[in-house]
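Listed below, chain by chain, are the residues.
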Number of protein chains: 8
Amino acid sequence: AVGLIMGSDSDWPTMRAAAAALDEFGVSYEVQVISAHRTPVKMIEYGRAAAGRGLKVIIAGAGGAAALPGMVASVTPLPVIGVPVPLKHLDGMDSLLSIVQMPAGVPVATVSIGNARNAGLLAVRMLGVADPELLDRMAAYQADLEELVAEKDAALRASLT
Amino acid sequence: AVGLIMGSDSDWPTMRAAAAALDEFGVSYEVQVISAHRTPVKMIEYGRAAAGRGLKVIIAGAGGAAALPGMVASVTPLPVIGVPVPLKHLDGMDSLLSIVQMPAGVPVATVSIGNARNAGLLAVRMLGVADPELLDRMAAYQADLEELVAEKDAALRASLT
Amino acid sequence: AVGLIMGSDSDWPTMRAAAAALDEFGVSYEVQVISAHRTPVKMIEYGRAAAGRGLKVIIAGAGGAAALPGMVASVTPLPVIGVPVPLKHLDGMDSLLSIVQMPAGVPVATVSIGNARNAGLLAVRMLGVADPELLDRMAAYQADLEELVAEKDAALRASLT
Amino acid sequence: AVGLIMGSDSDWPTMRAAAAALDEFGVSYEVQVISAHRTPVKMIEYGRAAAGRGLKVIIAGAGGAAALPGMVASVTPLPVIGVPVPLKHLDGMDSLLSIVQMPAGVPVATVSIGNARNAGLLAVRMLGVADPELLDRMAAYQADLEELVAEKDAALRASLT
Amino acid sequence: AVGLIMGSDSDWPTMRAAAAALDEFGVSYEVQVISAHRTPVKMIEYGRAAAGRGLKVIIAGAGGAAALPGMVASVTPLPVIGVPVPLKHLDGMDSLLSIVQMPAGVPVATVSIGNARNAGLLAVRMLGVADPELLDRMAAYQADLEELVAEKDAALRASLT
Amino acid sequence: AVGLIMGSDSDWPTMRAAAAALDEFGVSYEVQVISAHRTPVKMIEYGRAAAGRGLKVIIAGAGGAAALPGMVASVTPLPVIGVPVPLKHLDGMDSLLSIVQMPAGVPVATVSIGNARNAGLLAVRMLGVADPELLDRMAAYQADLEELVAEKDAALRASLT
Amino acid sequence: AVGLIMGSDSDWPTMRAAAAALDEFGVSYEVQVISAHRTPVKMIEYGRAAAGRGLKVIIAGAGGAAALPGMVASVTPLPVIGVPVPLKHLDGMDSLLSIVQMPAGVPVATVSIGNARNAGLLAVRMLGVADPELLDRMAAYQADLEELVAEKDAALRASLT
Amino acid sequence: AVGLIMGSDSDWPTMRAAAAALDEFGVSYEVQVISAHRTPVKMIEYGRAAAGRGLKVIIAGAGGAAALPGMVASVTPLPVIGVPVPLKHLDGMDSLLSIVQMPAGVPVATVSIGNARNAGLLAVRMLGVADPELLDRMAAYQADLEELVAEKDAALRASLT
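Residues numbered from 1 in each chain as written. Chains lettered and ligands numbered in written order. Predicted model: local features only at pLDDT ≥ 70, side-chain atom pairs only at ≥ 80, totals over all residues. Heavy atoms only, no water.

This part takes up the overall build of chain A. Looking only at helices and strands, chain A features six helices and five strands. For a compact globule of 161 residues, the expected C-alpha radius of gyration is about 15 Å, and chain A comes in at 17 Å, within 12% of that figure. At a minimum sequence separation of 6, the contacts of chain A that also span at least 24 residues come to 64%. Just so you have it, chain A exposes about 4800 Å², and 53% of that area is on carbon and sulfur atoms. (Helix = DSSP H or I, 4+ residues; strand = E, 2+ residues; numbered from the N terminus. Rg over C-alpha atoms; globule rule 2.2 N^0.38 Å. Contact = heavy atoms within 4.5 Å. Areas by Shrake-Rupley, 256 points an atom, 1.4 Å probe, with all protein chains shown as cover.)

Here the focus is the relation of the copies chain E and chain G. Once chain E has been moved 0.0 Å along the axis and rotated by 90°, it coincides with chain G to within an RMSD of 0.0 Å. Here the transformation between the copies is reduced to the relation of a four-fold axis. Taken together, the interface assignments show that only 7% of the residues at the interface of chain E recur at the interface of chain G, consistent with different surfaces on the two copies. (Least-squares fit on C-alpha atoms with pLDDT ≥ 70 in both.)

When C-alpha atoms are compared, chain A and chain G, though not in contact, are closest at a spacing of 12 Å. The least C-alpha distance between chain B and chain G, which are not in contact, is 16 Å.

This brings us to the interface of chain E and chain G. Taken together, the contacts link 14 residues of chain E with 14 residues of chain G. Together, the buried faces of chain E and chain G total about 1300 Å²; carbon and sulfur atoms form 68% of this surface. Ranking the residues of chain E by area buried against chain G places Arg38, His89 and Leu90 of chain E at the top, with a combined share of 38%. Two residues, Asp153 of chain G and Lys42 of chain E, come together in a salt bridge whose shortest N-O distance is 3.9 Å. Counting the contacts that link chain E with chain G gives three residue pairs in polar contact (both at pLDDT 80 or more). Looking at the side of chain E that touches chain G element by element, the count peaks at three residues for strand 2 (residues 29-33) of chain E. (Buried area = accessible area lost by both parts, 1.4 Å probe. Salt bridge = Lys/Arg side-chain N within 4 Å of Asp/Glu carboxyl O. Polar contact = N/O pair within 3.5 Å; in protein donor to acceptor, adjacent residues only side chain to side chain.)

Taken together, the contact pairs 43 residues of chain A with 43 residues of chain B. Summed over the shared surface of chain A and chain B, the number is zero salt bridges. The tally of links from chain A across to chain B stands at 25 residue pairs in polar contact (both at pLDDT 80 or more). Looking at the side of chain A that touches chain B, the elements with two or more residues in it are helix 3 (68-74), helix 4 (93-100), strand 5 (109-110), helix 5 (116-127) and helix 6 (132-160) of chain A. In terms of residue count, helix 5 of chain A provides more of the side of chain A that touches chain B than any other element does, seven residues in total. Of the residues contributing to the side of chain A that touches chain B, the split by class is 31 nonpolar, nine polar and three charged. (Nonpolar A, V, L, I, M, F, W, Y, C, P; charged D, E, K, R; others polar.)

With that out of the way, let us pick up the packing of aromatic side chains. Residue and element names in this part refer to chain E. Under the criterion given, the structure shown has eight aromatic pairs over all chains. Ring geometry for Phe25 versus Tyr141: centroids 5.7 Å apart, planes at 70°, classification edge-to-face. Of this pair, Phe25 sits in the loop between helix 1 (12-24) and strand 2 while Tyr141 sits in helix 6 (residues 132-160), and the two are 116 residues apart along the sequence. The pair formed by Phe25 and Tyr141 is uniform in burial state, with each residue classed as buried. (Phe/Tyr/Trp six-rings, centres within 6.5 Å; stacked < 30°, edge-to-face > 60°. Buried < 20%, exposed > 50% of the residue type's maximum accessible area, 1.4 Å probe, protein only.)

This paragraph deals with the relation of the copies chain A and chain B. Superposing chain A onto chain B requires a rotation of 180° together with a translation of 0.0 Å along the rotation axis, leaving an RMSD of 0.0 Å. What we have between these two chains is a two-fold relation. With an isologous cut-off of 70% or more, the 100% of interface residues of chain A that recur at the interface of chain B puts this contact in the isologous class.

All names here are of chain E. Contact pair helix 5 (residues 116-127) / helix 6: the axes reach a minimum separation of 8 Å and the direction vectors enclose 140°. In terms of axis orientation, helix 5 runs oblique to helix 6. You can see that helix 5 and helix 6 cross each other, and the crossing is left-handed. Residues Arg117, Leu121, Val124, Arg125 and Leu127 of helix 5 touch helix 6, and the partners they reach there are Leu134, Leu135, Met138, Tyr141 and Gln142. Tallied by class, the residues present in the contact of helix 5 with helix 6 amount to seven nonpolar, one polar and two charged. (Axes fitted to C-alpha atoms, helices over the stretch in contact; angles between N-to-C directions. Parallel < 35°, antiparallel > 145°, perpendicular 65-115°, else oblique. Left-handed = near helix turned anticlockwise from the far one by under 90°.)

Moving on to the pairing of strand 2 (residues 29-33) of chain D. Residue and element names in this part refer to chain D. With five bridges connecting them, strand 1 (residues 2-6) and strand 2 associate as parallel partners. When the bridges of strand 2 are listed, Met6 appears paired with Val33. Viewed along the sheet, the connection from strand 1 through helix 1 (residues 12-24) into strand 2 turns out right-handed. (Pairing = 2+ DSSP bridges. Right-handed = clockwise from strand over helix to strand, strands pointing away.)

So, on to the side chain of Asn118 of chain D. Relative to the helices and strands, Asn118 of chain D resides in helix 5 (residues 116-127). Here the side chain of Asn118 of chain D touches Val106 of chain E through a polar contact of 3.5 Å, landing on its backbone oxygen. In contact with Asn118 of chain D, not counting residues within four places along its chain, are Val111 and Ser112 of chain D together with Met102, Pro103, Ala104, Gly105, Val106 and Pro107 of chain E.

Remember that the coordinates give geometry; whether it matters functionally is a separate question.
In structure tokens:
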């Protein structure tokens, strides 16, 4: 299962897209609001227990001085995916740098600003390391994307003539 | 095994740290110079064949308009880790944005600018999804980091008295 | 003819200004939705076939980690014009850097953020290399711009008195 | 006393200026290397014990995805001063944003990039809240600065004639 | 008491959050509009008199070329907290750099862009240096934050099932 | 022929790579130092006469408030390629924005910061619009790039075993 | 008199504040739409004739690759004030850098983004070099600003009690 | 005469180019080290006395949170020219924004980063408002620049044949 955490419930409108992606691939997950700066001890406990509880991947979304993904990564050997949530100012640039610029030793797998869907898809790819069938479905999803673009292309071209 | 690719052999001084990390964990890997913009067809072929050849994770380093990680991710269902290699100008900011800002559908797991060691460690964590023993060794490595900091702390404090 | 491609049909509201400019100069073009990250193989095929099909210039618009213009440029000897499409965050700065910061060997002729009209006009100038009459019309268009500014100047000044 | 912590012993060449400032004002302090990402549990313990051990102010220096100042601030009611340590890339901009952009509820008193001296001086000002004599000495220090500028002004002007 | 000043009355919608935080902790304060660039002499007088009038901490909010926090800090030995107020352009980045990048000798305790609440909370922490009871209440407030996150977590999770 | 101009002779170490690329393709060119801000009238005359003198493409390099490419483009119907020359500060970001952010009506084909080689190669592609043989040689050059990468790949791999 | 020019009539809503400031000080001015990139020759003529026609100061507003202020400054010995007009993207940062980063030899007196009022006030200060009475009125205006802040301060404080 | 001030004697290597430019035009000036943050009262006195002492223009250089130019402008009706001095980090971007982004009411005539020569030349242009002969010499200087570029052009071209 995937652990899906975020610093505030106000991040949910952004983060739900990760849940939706996991749903599409039939991957189970659990959702939790955990804040690096407001519930630091709970965050440490969460991270330390994650692998033992059977989680395989953690997705963490946070904004501004976004410490959550990196801090959780520091107390678990699991791969942690960071989603830079854009706040009111700076368009997510502070969130991105706070998440991606981790020091040597503790990586966070960072995706694009506000792009929780990609965090879900990346979790699926990671789970695919142990599950060839999941990889096949990811390949099928990618073929569907291709199909979808072809349809949109056809529709746009039809509209132009 | 891990596929370790880079856009130019001039990226090797940066990327070798990924190889070193994989060596430390006894993870096998293969190295290849593949350029999105100079060997596009070979890149597509590489990506398409990767899963079939038994690769589990791909690490891709590139700089500037760094298309390699995202393009490879578009033709494989494997998780792809992107390393933004800093070039002569802009301090890696162009490399970072070109790699991390992927559209919905195709994620790249981006690490910090020039931090190939973290790419190697992230690959190990991903492989740990299928290999609990590897996770244990990552946890041990993290305990070692803790120890190392304690030693440096002691040394610094000793030097101050 | 000019090939006018874009990563998503959602880029069309931006990219149609390129088509409009080509229309004004009577230059024929074809429109296609092709995504570097969702239809990579089709993109390669498109680029490789472009010159043989009689295209003379390619205009490619994309946003975020905008790989399309550079990737197409890597598989065609034709001049490729890149339009940085601004997305929801970062105001097009990621799109601009992803398109313009190409490595030595493969240039993309980049225009201003969101300015597809200029991509169309640049294509006309390029076609003028082989068509003196087109250059004359570009010169006439520039004279018209001058005239237009003079009219706006007169109108503004009239409104102030 | 002041707690002076930093994420790595490589931060010491930057952070020693804070110690020097405290020395100048006769303020006692203790130095420790504590890393948010390498010794997370020790960091939490340090922060939680700080007030009880008699510390009055904490100065924390860190670079890149600099979580240390904010994380310590989250587990202590003491004022925490953050020093953005510039790393090899981005000139400290990532460090600055990671430290200053804290969410509502947990402030970090951030000083300029690499300016640990100001962190020391700010700690002195904070301690002055409980120690009028320290405030007087800060006022005297500021008068000295004024004097120093006057001397440099005289020297520069003398050199020009 | 805390001195709460701002460059313009248009900063009040931002700065009132500092007043609200001080109210919550029962800390007295006085509010004043003082502009570095429009009332420079009054600003100097305000700063010079502040300590003598019994102020313990000054909170100063300003935007753009935001000189107020640093200038006040230059004429008082009290700790000065700077709030970067975002203006119409640049999202507060100019305000942040103008406030935080102070030269060695005169620190400003800078908080996040537009985050006056944190300025109020930081003032409370500073006053806690002389008032253990206030520190206890800050610790209680932090525990409340933790509680609040737990409630939001429960609510979000309930809404998902 | 190609007109190769630059704002200062100090730009030549950057711009000579454009000349070298043109030499490789046997394209004739002429070199001139013309400054938008120091020789404005000469610049206007140069641009107005360019097409009549038989120039087909203009390459213009400039740094800082880099007006040269855009100004020349405003007085010629020829395609103008802009090279952002990085100066002592800002790493070429000012040069890039000053060149690429042209208003609707007057495009500049901008290449990457300091990358005059790509300006030369882009000029060759543009000339290829009228010269199929030149396009063939560009395609051959691209094949050579591919070959070169293969050799570097082989060399790197050999060095690793 | 002051020459007030702008690249497009769409800049007038920004630039009218310069005119209003000049009106307040009874300084005469003339308004003209002149575009560096659309009416380059007219721009050169305007600049060259300016001093001879009795203009004393020129205010030039432009956005994006904003060449107008610098180009006019290159053909007149008069002081030229540049107003960076913010366009749809980048919040005026491109306009600012294109105007302020002039090469040695040709200065532009740049004011804040979108702040045409300050351009008007700066022109008044410049004219004061030859007109002590104007300087006196500027001093009086500054005293009025001081008064205005005092009133706003009183109003805000009244509203809080 | 021109007042030439700077925040620190370490700014002199940058600022001396302003003095050199004034020397070239035979404009008298006086040099002074005055710091906004270290000698605030002296700065206010300097600004308030400037016009009365016969100064006509003030040039002020400062770096980082560069308050000097704006603060002096707030206490004098004279035109103030600001030179953003680049410090160790951020390449002068903080200096530029702190100087140029002044609020409505108090302008600073900002020149390019580190470009004190242009500050000197701008002062000459401003003095030209009252001194037609000085304007003539500025025009002559500009003609000389033109000549100089022609010579460099000839030299470069000679070296290429």
